[in-house]
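# Structure assessment
Residue strings, one per chain:
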Amino acid sequence: MASTALSPQATDRVIQMAWEDRTPFEAIEAQFGLKESDVIRLMRSNLKRQSFELWRKRVTRRRTKHVALRDAKVNRFKSYDQKG
């Protein structure tokens, strides 16, 4: 799914999820069908350059953004305090 096919509300939600440290790219892919490279493209096109660079610096090799790098005990996409 290309980012242009997303509604403005879905685009906003993807950006919010991408900014959250504990939301892995796999959760975004499961919910919106966007691979990590698609999320990067979406972020690049919707954020100011400096904001995008800051975000990329934060998520690069961050263990919580990649399920494969997470501790095996963490098997959820949402925080414990999130409802539903």
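Conventions and cut-offs
- Residues numbered from 1 in each chain as written.
- Predicted model: local features only at pLDDT ≥ 70, side-chain atom pairs only at ≥ 80, totals over all residues.
- Heavy atoms only, no water.
- Helix = DSSP H or I, 4+ residues; strand = E, 2+ residues; numbered from the N terminus.
- Buried < 20%, exposed > 50% of the residue type's maximum accessible area, 1.4 Å probe, protein only.
- Contact = heavy atoms within 4.5 Å.
- Areas by Shrake-Rupley, 256 points an atom, 1.4 Å probe, with all protein chains shown as cover.
- Axes fitted to C-alpha atoms, helices over the stretch in contact; angles between N-to-C directions.
- Parallel < 35°, antiparallel > 145°, perpendicular 65-115°, else oblique.
- Left-handed = near helix turned anticlockwise from the far one by under 90°.
- Nonpolar A, V, L, I, M, F, W, Y, C, P; charged D, E, K, R; others polar.
- Polar contact = N/O pair within 3.5 Å; in protein donor to acceptor, adjacent residues only side chain to side chain.
- Core = buried A, V, L, I, M, F, W, Y, C linked by side-chain atoms within 4.5 Å.
- Salt bridge = Lys/Arg side-chain N within 4 Å of Asp/Glu carboxyl O.

With that out of the way, let us pick up the overall build of the chain. Check the secondary structure of the chain and you find four helices and zero strands. Reading the helices (α) and strands (β) of the chain from amino to carboxyl end gives α-α-α-α. Expressed as a percentage of the 84 residues in the chain, the buried residues total 31%. Long-range pairs, those at least 24 residues apart, make up 59% of the contacts in the chain with a sequence separation of at least 6. With an accessible surface of roughly 6000 Å², the chain has 51% of that area assigned to carbon and sulfur atoms.

With that settled, the discussion passes to the packing of helix α1 (residues 8-19) against helix α2 (residues 25-32). Between α1 and α2, whose axes approach to 10 Å, the crossing angle comes to 165°. Our classification of the angle between α1 and α2 gives roughly antiparallel. Between α1 and α2 the crossing geometry is right-handed. Residues A10, R13, V14, M17 and A18 of α1 pack against A27, I28, Q31 and F32 of α2.

What follows concerns the packing of helix α3 (residues 36-46) against helix α4 (residues 49-59). Between α3 and α4, the shortest axis-to-axis distance is 9 Å and the interhelical angle comes to 150°. As judged from the angle between their axes, α3 and α4 are roughly antiparallel. Where α3 approaches α4, its residues E36, V39, I40, M43 and R44 are matched on the opposing element by F52, W55 and R56. Of the residues assigned to the contact of α3 with α4, the class counts are five nonpolar, no polar and three charged.

Here we take up the side chain of D38. Summarising the element assignment, D38 is placed in helix α3. Engagement of the side chain of D38 in a polar contact is seen with the side chain of R41, the distance being 3.0 Å.

In terms of nonpolar packing, the biggest core is built from 19 residues, with V14, I28, F32, L34, V39, M43 and W55 touching the most fellow members. Those elements that place two or more of their residues in this core are α1, α2, α3 and α4. No other element matches α1, which puts five residues into this core.

Here the focus is the pattern of salt bridges. According to the stated counting rule, one finds five salt bridges in the structure shown. Two residues, R13 and E20, come together in a salt bridge whose shortest N-O distance is 3.8 Å. Exposure remark for E20: the relative accessible area of 31% places this residue in the partly exposed category. Close ionic contact of R41 with D38 constitutes a salt bridge, the shortest N to O distance being 3.0 Å. Here R41 pairs with D38, and both are found in helix α3, just three residues apart, close to one helical turn.

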